[in-house]
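Residue-level structure breakdown
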Amino acid sequence: MNVLITLSIAGIITMIGSTFKDRSWILTVTLSALAISCYLAGAGWNSNVVFFDAMRMDNFAIAFTIVCLLAAFILSIIYHQLNYAKDAHYAEVYAIILFSLAGAVVMVSFTSLLMLFLGIEILSLSLYILAGLRKKDLLSNEASLKYFLMGAFSTGFLLFGIAMLYGATGSFMVIDIAYYLGLHQSAPEPFVVAGIIMLMIGLLFKVAAAPFHFWTPDVYQGSPTIVTGYMATVGKVAAFAAFLRLFQWGFAPALVSYQFLIAAVAIVTLFVGNIIALYQKSVKRMLAYSSISHAGYMLLALMVTNEISNGAVLFYAIAYTLASVVAFTVVAVLQEKNAGDDTDAFNGLSKRNPMLAITFAIAMISLAGIPPTAGFFAKFYIFSAAIKDGWVWMVAIAVINSFISIYYYFRPVIASFMKKGSDETINISFVMQLLLVLLAVLTLLVGMLPDWLTGIL
Amino acid sequence: MIAAALLILPLVFTIFTLLLPANNSRNIALIGSLLSFALSAFAWVQFSSGNLAQLSLDVPWISSLGIHFNIGIDGISLILVLLTGLLYPFIVAATLQTDIKSPKAFFALMLAMQLGLMGVFIAKDAFLFYVFYELTLIPVYFICAIWGGEKSIPITLKFFIYTLAGSLFMLIAIIYLYFKTPGNHTFDIQSFYHLGLSATEQTWIFWAFFLAFAIKIPIFPFHTWQPDTYTVAPAAGSMLLAGIMLKMGIYGLIRLVLPIVPQGVAAWGNGALILCIIGIVYASLIAWRQQDLKRLLAYSSIAHVGLIAAGVFAVNISGLQGAMIQMFNHGVNVVAMFFMIDLIERRYGTRWMDELGGVAGQMKKFGVIFMIVLLGSVGLPLTNGFIGEFLLLMGIYQHNAWMAAFAGLTLILGAAYMFRLYRHVFLGEVKDHKIIAVDTLTWENFILIPLCALILIIGVYPAILLNITEPAVQQLLQIFNAPNVITSGL
């Protein structure tokens, strides 16, 4: 709760700040709010504080909260570095980011379906606005509108599902629903199953799983790149945490009735994401499809309920966030230099700025899941969770997709190391360099010493 | 501890190469690889004969999943550690006169690759094995793609995706085996040996592993990446790939497939053996028709390693011992061959057979050296290739005489294409009279003469290597024949 309060107060302060001329202090306020929230969240470790039967800050919630906060922390700095001078709505961006994080915190810690709904809406509304940040850019407007329409549509499903479950069980509480499902394990009523499926569809929209992914490429491409990075990391991680929380603790007793549905969605998501990504010229769009495919891998962990599946999703989220932030930042830097976001923009990057090329390569290697990066261990962990419950054939399909993905992940890497581009060097600020190197080193370190992250959930 | 040092040394020198100025990179890499060689030789001295893994180190790595950083050296590992240690100085030295752009990155990648190779050969934990197995791929990919010849980008990407595809199926098999281990699961390879898997499980796991290793070796029909990749790769890259890296595949067959799924091998080993033999004949025939010397060598390499893999699938003492010694020999021969072809290319500016001729007339010493290596690789008695191929064919013969007859074609065909090469390139008239090639220089002699000496020494006294591996191979066969009896130690 104190995390929520901190974030909201900071959000209000930065929003008021947008009326002042001097805005140099806004980043400081945002970053300190994020740091304090992180500390407050971390301080509650193992304490399982419950707020009015609406939220519970258990370790699961805290871990995902911290991932979201740290991703936001880094992206805030990068946004400042790239846009401080020219963005007319600089202060509002930080206000919205802080509010959206409040939504994310609710999403990962809910105990009642109403809070889940609230959290999702807070986060989504903020993201709709962020997507339309460049209000004179047609693509950005399209992104915002598309995202909003699709989001509103999926919200309908969510609400419908919640209503049905309430009708059947008489409660919004996840525990009560789990209890009810446990009692009726052998033959759950049809409209309970329908409710679960409705909720699933709503959440699948949010995590951009196929066939509910159609908004993703356009929205990801149209939004300002750092905002895309924010959606792809914080938005996705929070949605997945909510998904996992709801299904692992609420619907697990009815696992058999929806398991195959998730399996089917995961398979479609993997193939759609990976195969369409192969044909993308724009790296930003490629990353959008790759993020769809990563949702497919994470869905593997939702089909099983064993002691490692939560940890596996957390680990995957961390590995994916680390790599995605680097990838989107490098794309943003290139766009900044008017190079566009096509693969050709990466030509000769290793000559123009070796540091950008190397960190980007590490990020791609991690997303492709090759040792010794975090992405490899994340995949390994997810696969282990699935194989443990006997889903070997699903893992085989995921593996086929893994090596399809290498082709498109390596294309910009090949362009940056092996193709000739312009000779003009790209200079980036020291802070950016530091952040990128830090993230790349973390990607490698987490990959080589995953132990300190595997045991915590 | 020596096992750990084998890994630390290349790592330290990779960092040195990256930190120190670029004009020193080659020397640093050379010093690093010489020290590695010394260290692997020292490991040999310290190694006491027997079937136990020694000089080992075991520390928990990812304890929540029972993954250990568990390394150790037994006879089978030692011979490949020696091979890696021995060949690396030669491979680094072979670049002495080649102008390499951004040498810092090149040599750092080579040393990083050595770390991966050493790791594969001494890992005792399946997860660790897998990580090192993949770790070798990134450096060699960049070496071949960035410093490679024409069209290197699509060709090496194919190689990369192809080999990674295979090994991902191995990853599934490894995770599956992990969950089969009793109690708190473990990735220890030893504990995979006695799982009592059902016949169906053994079949699936056999093919998952086979796919990974067959692509790496490569065994027909998974070889399609290989000729192109060897051809476009820079000389050092081809040497790494053919000399050392493909041995990872054969090592994997011996270390993982035979003892873990003996029933799978019993049921499907013949199928694999037939693929190997098809590959031997097929690749030899294609090699016969090649004009590009590097390509010829690539195909001959498929034939040679096909025979080695066939010897492994025969699963008997002579087949396995033959595989062990022939892995070493093939590494030595193929590195010498690639170096000599690189030398010809540097002198004459071409490696096409019909543009070459009369090399022996211009470079007398080189002609003799080439002949020695050639005899080694076609397996003439008193050269290293003879003892290896003899043992391999004997092993296959004990398994099935017909298969041995077909596999034996490698000797005839090998001689046919290699002597064709010698006739076209070394004898006859010089095609381009403007070029006056100088005979081998001192630094080239420093590479070629030791390799030739090795070819002859092993040919005359093979026991020096065979003794290393014998106890470990015996033990392996014991496990293979009685998988459910838990043998002590190793």
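Note that residues are indexed from 1 along each chain, following the sequence as it is written. The naming scheme follows written order: chains are lettered A onward, ligands numbered 1 onward. Totals for whole chains, interfaces and linings use every residue, but because this is a predicted model, local features are given only for residues with pLDDT of at least 70 and side-chain atom pairs only at 80 or more, for both listing and counting. Note that water and hydrogens are dropped before the side-chain values are worked out from all heavy atoms of the structure.

1. Quick word on the overall build of chain A
- The number of helices and strands found in chain A is 19 helices and two strands.
- On C-alpha atoms alone, chain A measures out to a radius of gyration of 21 Å, which is about the 23 Å that the 2.2 N^0.38 rule sets for 457 residues.
- For chain A, the spread of C-alpha atoms along the three principal axes comes to 70 × 50 × 40 Å.
- Exposure classes here rest on a 1.4 Å probe applied to the protein chains alone. A residue is buried below 20% of its type maximum, exposed above 50%, and partly exposed in between. Per-residue burial over chain A gives 65% buried out of 457 residues.
- As presented, chain A carries roughly 15600 Å² of accessible surface, and 69% of it is formed by carbon and sulfur atoms.
- Positive charges come from Lys and Arg, negative ones from Asp and Glu, while His and the chain ends are left out of the count. Taken as the charge centre is NZ of Lys, CZ of Arg, CG of Asp or CD of Glu, depending on the residue. If you average the places of the 22 positive and of the 20 negative side-chain charges in chain A, the two averages end up 8 Å apart. Numbering of helices and strands runs from the N terminus; a helix is a DSSP stretch of H or I covering at least four residues, while a strand is a stretch of E covering at least two. Radius of gyration: over C-alpha atoms. The globule rule applied is 2.2 Å multiplied by the number of residues raised to the 0.38 power. Methods summary: accessible areas were calculated by the Shrake-Rupley approach with a probe of 1.4 Å, and residue burial reflects only the protein chains presented.

2. Here we look at the packing of aromatic side chains
- Working definition: a ring pair exists when centres of Phe, Tyr or Trp rings (six-membered ring for Trp) sit within 6.5 Å. Plane angles under 30 degrees give stacked, over 60 give edge-to-face, the rest tilted. Applying the stated criterion to the full structure yields 71 aromatic pairs over all chains.
- With a centroid separation of 4.8 Å and 40 degrees between ring planes, the pair formed by F159 of chain B and W225 of chain B is classed as tilted. Placement of the pair is F159 of chain B in helix α7 (residues 152-180) and W225 of chain B in the loop between α9 (199-216) and α10 (226-232), with a sequence separation of 66 residues.
- Its relative accessible area of 2% is what places W225 of chain B among the buried residues.
- A centroid spacing of 6.0 Å and a plane angle of 70 degrees characterise the contact between F339 of chain B and W443 of chain B, whose relative ring orientation is edge-to-face. Remark: W443 of chain B occurs in helix α19 (residues 442-460) and F339 of chain B occurs in helix α14 (residues 317-348); sequence separation between them is 104 residues. W443 of chain B shares its class with F339 of chain B; the two are buried.
- An aromatic cluster of at least three residues, connected via ring pairs, comprises F315, F376, F377, F380 and Y381 of chain A together with W61, F69, F127, Y130, Y178, F179 and F187 of chain B.
- Counting as a charge over the ring demands two things of the Lys NZ or Arg CZ atom: a distance within 6 Å of the ring centre and an angle within 35 degrees of the ring normal. If you follow K379 of chain A out to its NZ or CZ, it ends over the ring of Y297 of chain A, 4.6 Å from the centre.
- The ring of Y133 of chain B carries the charged tip of K216 of chain B above its face, separated from the ring centre by 4.5 Å.

3. A word on helix α16 (residues 374-388) of chain A
Residues and elements named next belong to chain A.
- Here α16 spans 21 Å end to end across 15 residues, near enough to the 21 Å set by a 1.5 Å rise per residue.
- Across the 15 residues that make up α16, a large majority, 14, are buried.
- Following α16 by one or two positions, G390 has its phi on the positive side, about 85 degrees. A helix is expected to reach a length of 1.5 Å times the quantity of its residues less one.

4. Observations concerning the pairing of strand β1 (residues 54-62) of chain B
All names here are of chain B.
- When DSSP locates at least two bridges between a pair of strands, those strands are taken to pair. Judged from the six bridges that link them, β1 and strand β2 (residues 67-73) form a sheet pairing that is antiparallel. Bridge pairing in β2 links I62 to I67.
- In textbook terms, the turn of a hairpin is the stretch between consecutive antiparallel strands, and for β1 and β2 this stretch comprises four residues, one of which, G66, has a positive phi near 70 degrees.

5. Some details on the interface of chain A and chain B
- Should any heavy atoms of two residues lie within 4.5 Å, those residues are considered in contact. Between chain A and chain B, the contact holds 33 residues from the first and 30 residues from the second.
- Put simply, buried area is the surface a 1.4 Å probe can reach on two separate parts but cannot reach once they are joined, added for both. Interface of chain A and chain B: buried area, both sides summed, is about 2900 Å²; carbon and sulfur atoms make up 89% of it.
- One speaks of a salt bridge when a side-chain nitrogen belonging to Lys or Arg is within 4 Å of a carboxyl oxygen belonging to Asp or Glu. Applying the counting rule to chain A against chain B returns zero salt bridges.
- Here a polar contact means two N or O atoms within 3.5 Å. Within protein one must be a hydrogen donor candidate and the other an acceptor candidate, and residues neighboring in sequence count only if both atoms are side-chain atoms. Applying the counting rule to chain A against chain B returns two residue pairs in polar contact (both at pLDDT 80 or more).
- When residues of the side of chain A that touches chain B are traced back to their parent elements, those giving at least two are α16, α17 (392-418) and α19 (451-454) of chain A.
- Its residues assigned to classes, the side of chain A that touches chain B shows 27 nonpolar, four polar and two charged. Three classes are used: nonpolar for Ala, Val, Leu, Ile, Met, Phe, Trp, Tyr, Cys and Pro, charged for Asp, Glu, Lys and Arg, and polar for all others, with Gly counted as polar.

6. Let's talk about a nonpolar patch on the surface
- Together, I8, L11, V12, I15, F16, L18, L19 and L20 of chain B make up a nonpolar patch on the protein surface, roughly 710 Å² of accessible area in all.
- Relative to the helices and strands, L18 of chain B resides in helix α1 (residues 2-19). Patch membership requires more than 30% relative accessible area and the absence of a salt bridge. Residues of like charge join within 9 Å; the nonpolar side chains Val, Leu, Ile, Met, Phe, Trp and Tyr join within 5 Å.

7. What to know about the confidence of the model for chain B
All names here are of chain B.
- Known as pLDDT, the predictor's confidence for each residue is given on a scale from 0 to 100. Per-chain confidence: chain B averages 87 in pLDDT, with 98% of residues scoring 70 or above.
- At the level of individual helices and strands, chain B shows its lowest average pLDDT in β1, which scores 81, and its highest in helix α5 (residues 126-135), which scores 92.
- The complex prediction reports pTM at 0.91, with the ipTM value standing at 0.88.

8. Structural notes on helix α2 (residues 25-46) of chain B
All names here are of chain B.
- For α2, spanning 22 residues, the distance from its first C-alpha to its last is 31 Å, which sits close to the expected 32 Å at 1.5 Å a residue.
- For α2, the set of buried residues is S25, I28, A29, G32, S33, S36, L39, S40 and A43. Summarising the axial view, the buried residues of α2 lie within an arc of 125 degrees, below the 170-degree limit, and thus occupy one face.
- Of the surrounding secondary structure, the elements contacted by the buried residues of α2 are α1, β1, β2, α3 (75-93) and α4 (103-122). By arc we mean the arc of the directions from the helix axis to the C-beta atoms, nothing more.

9. Thoughts on the environment of L297 of chain B
All names here are of chain B.
- You can see L297 is positioned in helix α13 (residues 293-314).
- In this structure L297 comes out as buried when scored by relative accessible area, which is 2%.
- For L297 and L441, which are 144 residues apart along the polypeptide, the C-alpha to C-alpha distance reads 24 Å.
- Every residue in contact with L297, bar those within four places of it in the chain, is listed here: M337, F338 and I341.

10. Things to note about the confidence of the model for chain A
- On average, residues of chain A score 89 in pLDDT, and 100% of them reach the 70 mark or higher.
- Looking over chain A, one finds the lowest element-wise mean pLDDT in α19 of chain A, namely 80, and the highest in helix α5 (residues 113-131) of chain A, namely 93.

11. Quick word on the environment of G229 of chain A
Residues and elements named next belong to chain A.
- Tracing the backbone shows G229 in helix α10 (residues 225-250).
- For G229 and G390, which are 161 residues apart along the polypeptide, the C-alpha to C-alpha distance reads 35 Å.
- Contacts of G229, omitting those with residues within four sequence positions, involve L75 and F328.

12. Overview of unusual backbone geometry
All names here are of chain A.
- A cis amide bond links A210 to the next residue, P211, at an omega of 0 degrees.
- With respect to the helices and strands, P211 occurs in the loop between α8 (190-207) and α9 (215-222).
- Note that the residue after P371, namely P372, is joined by a cis bond; omega there is 5 degrees.
- Mapped onto the elements, P372 comes out in the loop between α15 (354-368) and α16.
- Phi angles above zero are rare outside glycine, and A208 is one such case at about 60 degrees.
- For A208, the position within the fold is in the loop between α8 and α9.
- With a relative accessible area of 1%, A208 lands in the buried category.

13. Regarding the side chain of T14 of chain B
Residue and element names in this part refer to chain B.
- By the element assignment, T14 lies in helix α1.
- Of note is the side chain of T14, whose polar atom sits 2.5 Å from the backbone oxygen of P10.
- Apart from residues lying up to four places away in sequence, T14 is in contact with A108, L111 and A112.

14. Digging into the packing of α7 of chain B against α9 of chain B
All names here are of chain B.
- Packing of α7 against α9 leaves a shortest axis separation of 8 Å and a crossing angle of 150 degrees. One element, α7, and the other, α9, form an angle in the roughly antiparallel class. The handedness of the crossing between α7 and α9 comes out as left-handed. Residues Y162, T163, G166, S167, F169, M170, A173, I174, Y176, L177 and K180 of α7 pack against E201, I205, A208, F209, L211, A212, F213, I215 and K216 of α9.
- Among the residues forming the contact of α7 with α9, the class breakdown is 14 nonpolar, three polar and three charged. For helices, the axis comes from a line fit to the C-alpha atoms of the stretch in contact; other axes are also lines fit to C-alpha atoms, and the angle between any two N-to-C directions lies between 0 and 180 degrees. With respect to orientation, any angle under 35 degrees is reported as roughly parallel, any angle over 145 as roughly antiparallel, any angle of 65 to 115 as roughly perpendicular, and every other angle as oblique. Crossing chirality is assigned from the near helix's rotation relative to the far helix, an anticlockwise turn below a right angle marking it left-handed and a clockwise turn marking it right-handed.

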